Amino acid sequence: MSIFQYDFMVRALIGALVTGATAPALGTYLVQRRLALIGDGIGHIALTGVGLGLLTSTSPVLAAVLVSAAGAIAVELVRERGRTSGDIALALLFYGGISGGVFLVGLSSDRTNANLMAYLFGSPLTTSEQDLAVMAVLGAVVLAVTLLLRPWLFAICHDEEYARVSGLPVRALNLLLAVTTAVTVTVAMRAVGLLLVSALMVVPVATAQQVTRGFRATMAVAMAIGLLAAAGGIWAAGTYDTAPGATIVLVAIGSFLVVALGLAAWRTATRARTRRQPATGQPSTGEPPDVVLTRW
Amino acid sequence: MTVRNEGGPVIEAERLVVSYGERPVLHDVDLTVRPAEVVAILGANGSGKSTLVRAVLGLVPLVLGRVRLFGTPLRRFTGWQRVGYVPQRLGAGSGVPATVRELVSSGRLSRRGFLRPPRAADRRAVDAALAAVGLADRAGDPVGTLSGGQQQRTLIARALAGEPELLVLDEPTAGVDAASQEAFAGALRDFVAVGGTVVLVAHELGVLQPLVTRAVVVHQGRIVHDGAVPRPAGHHADPDHDHVHPHAPEEARRWP
Ligand SMILES: Nc1ncnc2c1ncn2[C@@H]1O[C@H](COP(=O)(O)OP(=O)(O)O)[C@@H](O)[C@H]1O
Ligand SMILES: [Mg+2]
């Protein structure tokens, strides 16, 4: 673990851990709502904020928060209308966002390709103390919303109409979730970059739900996997000198595959074992057997 | 706070007109439901039954007409803890597993203050709702692993968890196995026994027949019968059937 004797590696690790915890926590709601790829779109929009920040020599992170929050609210309004023309509106927003961002970065005095690449694919090794402070504050906001409001956000993501008949402030909660998505994207921008942020929102959740039975458990396991991927990715990137953002995402995808394969092997093994023993089958009271899915 | 209207109608819907886009689906529909009534809304598929109950709950916009719940105009109604809704089916399905208990607990939020942690009373209400539909032993199972009938019972438990005074159920027994129908009828009987009011959309009443106090038949977006429960053998869509309109014009004058 000698790489962590360098301060910049420690800062990279902390920043990545913040991302590893927040992105899956928020992502659990997006996956529940079957909007897994919305985070990717918000990431595209955030690039315009980065461009504006660089061009005006203000904080690219602050500008990214503001622009992506505005974009996320627009996306939520399109979703709320729920019409087929919504797809086109989202395409305009997302591709307008990323091309606007590339365009603005090109106009700024900071227009190196390396700089653009850093925002698109992450550059955790350049995390400054100030970056870390901003990430910690924004990350705390994301965790407060996703953890403290879980029952309410679960309700609106699971069954929006029922939530409305329960008298919940559905619209306000939807907008809050949208803005929190934007904040999460900005938190993750340093560690994995705007084009890979969605991976950390979705892949740990997909991994977790292979083995979990409930929502709360899925969120907890996804956050644990996100933390492991972040730490493992930074360690591997520092040790083997690979691209850190991409390495973190590859570790996350690797853990998905390991769990999927492990589960398949385990199921095959148990099936072989039950076949050898005569089935003690518990009859499922009055239910047609084909609709009672096998539990493992 | 909701204005109590002890003894007054639970639902007053007057001259409702609803359309989806250009196509009108409800034409000038009136419906009044009084406390402790068990009203069955009957009719063929596509006749507008779901639209009617969804309009009463404010889930579809009205072109014309007005709705009062517990005496309060829908727009100003805040007493949602008094209402339990069981939708026809559970949306598109969730992308993340949820346990039966997690789903049923979400029905308690109408009685749980915002950001307030659950109290013992909340947990007891969820336990009681699970027991009422016979799913206490499945509380920790993912909803997705239950049969269709058990999933429907989960939705009923979710509505019961809020300890409502009015239950609005949209085809709770459609395509449901016999065990679940029986469990459901039992839960409803208990609810009615303590004075609960029920609006029940159904295609066929089946085991629920003895509980129903009044039937409303919807045919092509109009109410063609309102009164006694029609005999089971397909005569209920008969437009010659007795018309009973409990809210006569003099009642309508109470509206401003
Ligand atoms: N969201 C919707 N958009 C457009 N048409 C709809 C929608 N929901 C229902 N309809 C149409 O309205 C009519 C009444 O539907 P519904 O109230 O669901 O009938 P029921 O519950 O009696 O089967 C049907 O013709 C149906 O196709
Ligand atoms: Mg229907």
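Residues numbered from 1 in each chain as written. Chains lettered and ligands numbered in written order. Predicted model: local features only at pLDDT ≥ 70, side-chain atom pairs only at ≥ 80, totals over all residues. Heavy atoms only, no water.

Caption draft 1: Just the coordination of the magnesium ion (ligand 2), in detail. Residue and element names in this part refer to chain B. For the magnesium ion (ligand 2), the full set of protein donor atoms is Ser50 (OG) and Gln88 (OE1), and the range of their distances to it is 2.0 to 2.4 Å. Remark: Gln88 occurs in the loop between β6 (83-86) and α2 (100-106) and Ser50 occurs in helix α1 (residues 49-56); sequence separation between them is 38 residues. With a relative accessible area of 19%, Ser50 lands in the buried category. (Donors = N, O, S within 2.8 Å, 3.2 Å for Na, K, Ca; no water. Helix = DSSP H or I, 4+ residues; strand = E, 2+ residues; numbered from the N terminus. Buried < 20%, exposed > 50% of the residue type's maximum accessible area, 1.4 Å probe, protein only.)

Caption draft 2: Seen up close, a nonpolar patch on the surface. A cluster of nonpolar side chains, Leu250, Ile253, Leu257 and Leu261 of chain A, forms an exposed patch at the surface whose accessible area comes to about 400 Å². Structurally, Leu261 of chain A can be placed in helix α12 (residues 244-276). (Patch = residues over 30% accessible without salt bridge, like charges linked within 9 Å, V, L, I, M, F, W, Y side chains within 5 Å. Areas by Shrake-Rupley, 256 points an atom, 1.4 Å probe, with all protein chains shown as cover. Salt bridge = Lys/Arg side-chain N within 4 Å of Asp/Glu carboxyl O.)

Caption draft 3: Spatial organisation of the nonpolar core. Counting 75 residues, the largest nonpolar core has Leu47, Val50, Leu153, Leu168, Val192, Met201 and Ile234 of chain A as its most contacted members. Among all residues touching Ile234 of chain A, those that are not within four sequence positions of it are Ile3, Phe4, Met9, Ala12, Leu13, Ala16, Pro124, Pro244 and Ile248 of chain A. Listed in part, the 73 residues of the second largest apolar core include Ala13, Val18, Leu167 and Phe191 of chain B. (Core = buried A, V, L, I, M, F, W, Y, C linked by side-chain atoms within 4.5 Å. Contact = heavy atoms within 4.5 Å.)

Caption draft 4: The arrangement of the pattern of salt bridges in detail. Residue and element names in this part refer to chain A. Throughout the structure, instances matching the rule amount to 18 salt bridges over all chains. Close ionic contact of Glu160 with Arg164 constitutes a salt bridge, the shortest N to O distance being 3.5 Å. Here the residue Glu160 and the residue Arg164 both occupy positions in helix α8 (residues 160-165), the gap between them amounting to four residues, near one helical turn. Residues joined by salt bridges that share partners form a network here, namely Arg33, Glu76, Arg79, Glu160 and Arg164.

Caption draft 5: Expanded view of the site of ligand 1. All names here are of chain B. Neighbouring residues of ligand 1: Tyr20, Arg23, Val25, Ala44, Asn45, Gly46, Ser47, Gly48, Lys49, Ser50 and Thr51. Out of a free accessible area of 560 Å², ligand 1 has 61% covered by protein chains. Within the residue set of the shell around ligand 1, elements represented by two or more residues are β2 (23-33) and α1. Element by element, the count of residues in the shell around ligand 1 is highest for α1, at three residues. Class assignment for the residues of the shell around ligand 1 results in three nonpolar, six polar and two charged. (Near = heavy atom within 4 Å. Nonpolar A, V, L, I, M, F, W, Y, C, P; charged D, E, K, R; others polar.)

Caption draft 6: Focus on helix α1 (residues 7-32) of chain A. Its 26 residues place the ends of α1 of chain A 38 Å apart at the C-alpha level, agreeing with the 38 Å of an ideal helix rising 1.5 Å per residue. The buried count for α1 of chain A comes to 19 of 26 residues, which makes it a mostly enclosed element. (Expected span 1.5 Å × (residues − 1).)

Caption draft 7: Structural view of the pairing of strand β4 (residues 64-69) of chain B. All names here are of chain B. Relative to β4, strand β1 (residues 11-20) runs antiparallel, the two being bridged by five bridges. Bridged to Ala13 within β4 is Val67. As judged from the two bridges shared by β4 and strand β5 (residues 72-73), these two strands associate in the antiparallel manner. Looking across to β5, one finds that Arg68 is bridged to Pro73. Remark: two residues form the turn of the hairpin made by β4 and β5, two consecutive strands paired antiparallel; Phe70 in that turn has positive phi of roughly 50 degrees. (Pairing = 2+ DSSP bridges.)

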